[in-house]
Amino acid sequence: MGPKSQWVSAPVAPIGAASGEDAPAPGWVLHVGVDEVAAVGGSVLLPPSPDSTGAVTALVADSAGTRFSLREAGDAAEPGRSDQPSTFAWAELITDDAQVSAAFYSSVLVWTLTAPEGPLGRRARQIDGVSVCGLLPRPAAMASPYLVRTQQTAKRKSPVSDFWLKRLFKGLPATADSLRQDRALEEATAAGPDPLRIATMFNLSAQASLRYTYAAGPSDTETTIG
C-alpha cells in the first residue's frame, strides 16, 4: 500500500457549516457544475449566492424532491482529484420513479442516459459518452415497510415516533389505525388469500389476518373489519 500523504495537498471536496434557518440538514450535498446557475431548472431551495472564491451555488430539488447543488465555478481552483485513493469515485441517484427522474435531469442538464443494465436496471448518466453518475430504481429490499414515513425513517426502515404521528393526524377525521386497516385490506386484496403474508407484514394475530383475507376475497355479502 503506497503512502497516503501524496494526495493531501490536492483539494478533493469542500466543507462548510450548515447554518441559518433555511440551510439544509447536516450531511453530504452533491454539487453539479454548470455554466450559469440561473439558467438551470429545478425547485430553488436556497437562491444563488457567491462564496469567498467567487463561485456561485444554489441549492435546488428535482421533481421527486431530491436535493442537490448547482455550482458555477469562480476564480479559485475547484476540487478536481478523481480516480485516486480517498477521492470520490461515483454518485448514484436511487429513486422511486426512474423515468420521471431521467426526464428531469435530461431537461435541465446536458446528460444522456444509457439503457437499463443488470438485474437492478441501473443506468448511467453520460457527458460525451463518459459516465459521470448513475440512476437506479429503488430496489424492493430498500423500501420502508411502513405506511407513514419521513425522509429519515424511510432510510432507516424504522417507524415514525408516536409524537410525530399525533401531530400528523391532529384535527383530521382519519386515524393511524384506520389507515393501517385500509392498507392491510388493500394488501390482502392485491396479494390474494395469504393470511401468513398479512400477519407477517402487519404484525397481526392469525385470527386478525384471516379476517382481512376473508374480507378481501370474493363474496356475495359485505364484510367489515372489526
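Please refer to the structure higher up on the page.
The rules we used
- Residues numbered from 1 in each chain as written.
- Predicted model: local features only at pLDDT ≥ 70, side-chain atom pairs only at ≥ 80, totals over all residues.
- Heavy atoms only, no water.
- Buried < 20%, exposed > 50% of the residue type's maximum accessible area, 1.4 Å probe, protein only.
- Helix = DSSP H or I, 4+ residues; strand = E, 2+ residues; numbered from the N terminus.
- Arc of directions from axis to C-beta.
- Contact = heavy atoms within 4.5 Å.
- Phe/Tyr/Trp six-rings, centres within 6.5 Å; stacked < 30°, edge-to-face > 60°.
- Pairing = 2+ DSSP bridges.

(A) Just helix 5 (residues 195-202), in detail. Taken residue by residue, helix 5 has Ile198, Ala199 and Phe202 as its buried positions. Considered in projection along helix 5, the buried side chains sweep an arc of 100 degrees and stay on one side of the axis. Along helix 5, the residues that are exposed and aim more than 90 degrees away from the buried face are Leu196 and Thr200. Along its buried surface, helix 5 packs onto helix 4 (176-191) and helix 6 (206-216).

(B) Just the packing of aromatic side chains, in detail. Counting across every chain of the model gives 3 aromatic pairs. Ring plane angle 90 degrees and centroid distance 5.0 Å describe the contact between Phe104 and Tyr105, whose orientation is recorded as edge-to-face. There is no split in this pair, since Phe104 and Tyr105 are both buried. When the centroid spacing of 5.8 Å and the interplanar angle of 25 degrees are considered together, the rings of Tyr105 and Trp111 count as stacked.

(C) Layout of the sheet that holds strand 8 (residues 130-137). Strands sit in the order 5-8-7-6 across an open sheet of 4 strands; the sheet is mixed. Looking along the sheet, the strands with just one partner apiece sit at the ends: strand 5 (92-95) and strand 6 (112-113). Note that strand 5 and strand 8 share 4 bridges and pair parallel. The partner of Thr95 across the bridge, within strand 8, is Pro137.

The values reported here are purely geometric and, on their own, carry no functional implication.
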